[in-house]
Amino acid sequence: YEGTIRRFFSSKGAFKEAHLRMADVPDSSDLVFSNPAPPSPGVARPSDGTQPQPNDFPIVRTHNVYSLPGIPKYFLKSLEVLETKLATQVRFYARKLYLDVPEIDVTDTVERIATRHCERDVQIGLYPYVDRSDYSTLVTVESTNPAAVDTAVAELLEKLPNRCILAVEDGSDLKSPGSSTLSESRRATVRGDPGFNEGFRVM
């Protein structure tokens, strides 16, 4: 790793001994590069056996944890590299339920349902919102199996107090609804079928 750091900064005429602090990484780490070239001796190799170009800033990977550089330019480049390397063709399906009660009021119910459906490869998340006037809690339901999402959402609709469910939407992001308040059309989707989010997800 020291050789990699020396090569990168030397290629820019900016190497200083202090840069070698970045080479202090766990022994189990390896390096991920965006511009692999044929391997050469005497330098750290990534796990795929290739060797980077001199101007390629590495990402440190320790098992399944990635350490990204703090410099904004290299950080953004690292995100692009990871998106390419980690993307899969696994399709996720997801829905969101908006509730008008505090998270604590539904935690036990949601946790029981989440535990049951975990065996079916369904992930259920519960998120409180304290700065919204139109809803207080968001529940997300995600799986690679659309039928499993359907079943979990159906149980949530059955077990949660009907008065607290404002709307059901497709998608798994934690963004707020498009409008500042939940419209009557959104409220009407509670017993309807808003469909699935069929986009690809980076895993």
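The sections below set out a description of the structure shown in this document. If you're wondering where the values come from, they're calculated on a predicted model, not measured in any experiment.

Structural notes on the pairing of strand β4 (residues 59-62)
Logical step 1: Burial of the side chains of β4 extends over both faces: Ile59 and Arg61 are buried on one face and Val60 and Thr62 on the other.
Logical step 2: By the bridge criterion, three bridges tie β4 to strand β5 (residues 65-67) in an arrangement that is antiparallel. Across the sheet, Val60 pairs through a bridge with Ser67, a residue of β5.
Logical step 3: Counting the residues in the hairpin turn of β4 and β5 gives two residues, including His63, whose phi is positive at 60 degrees.

Concerning helix α2 (residues 72-86)
Logical step 1: End to end, α2 covers 21 Å across 15 residues, agreeing with the expected 21 Å (1.5 Å per residue, within 8%).
Logical step 2: Tyr74, Ser78, Val81 and Leu82 are the residues of α2 that are buried. Seen from one end, α2 has its buried residues packed into an arc of 100 degrees, which puts them on one side. Projecting away from the buried face of α2 at angles above 90 degrees are the exposed residues Pro72, Lys73, Leu76, Glu80 and Thr84.

As for the environment of Val168
Logical step 1: You can see Val168 is positioned in strand β10 (residues 165-170).
Logical step 2: Taking the C-alpha atoms as reference, Val168 lies 5.6 Å from Lys96; in sequence the two are 72 residues apart.

Quick word on the side chain of Ser78
Logical step 1: You can see Ser78 is positioned in helix α2.
Logical step 2: Here Ser78 is in contact with Ile59, Leu68 and Pro69, once residues within four sequence places are set aside.

Some remarks on the packing of aromatic side chains
Logical step 1: Taken as a whole, this structure holds two aromatic pairs when the rule is applied.
Logical step 2: Seen from their ring centres, Tyr98 and Tyr135 are 4.9 Å apart, and the 70 degrees between their planes marks the pair as edge-to-face. With Tyr98 in strand β7 (residues 93-99) and Tyr135 in the loop between β8 (122-128) and β9 (137-143), this residue pair connects regions lying 37 residues apart in the sequence.
Logical step 3: By way of ring pairs, the aromatic residues Tyr98, Tyr129 and Tyr135 are connected into one cluster.

What about the sheet that holds strand β1 (residues 29-32)?
Logical step 1: Ordered by their spatial adjacency, three strands build an open sheet running β1-β4-β5, and the pairing between neighbours is antiparallel. Strand pairing shows two members of the sheet lacking a second neighbour, β1 and β5, which therefore form its edges. Within this sheet the neighbouring strands show an average axis-to-axis angle of 30 degrees, counted without direction.
Logical step 2: Here β1 pairs with β4 via four bridges, running antiparallel. Within β4, the residue paired with Asp30 across the bridge is Arg61.
Logical step 3: Running over the sheet, α2 touches β1, β4 and β5 and is turned about 45 degrees from β4.

Criteria and thresholds
- Residues numbered from 1 in each chain as written.
- Predicted model: local features only at pLDDT ≥ 70, side-chain atom pairs only at ≥ 80, totals over all residues.
- Heavy atoms only, no water.
- Buried < 20%, exposed > 50% of the residue type's maximum accessible area, 1.4 Å probe, protein only.
- Helix = DSSP H or I, 4+ residues; strand = E, 2+ residues; numbered from the N terminus.
- Pairing = 2+ DSSP bridges.
- Expected span 1.5 Å × (residues − 1).
- Arc of directions from axis to C-beta.
- Contact = heavy atoms within 4.5 Å.
- Phe/Tyr/Trp six-rings, centres within 6.5 Å; stacked < 30°, edge-to-face > 60°.
- Axes fitted to C-alpha atoms, helices over the stretch in contact; angles between N-to-C directions.

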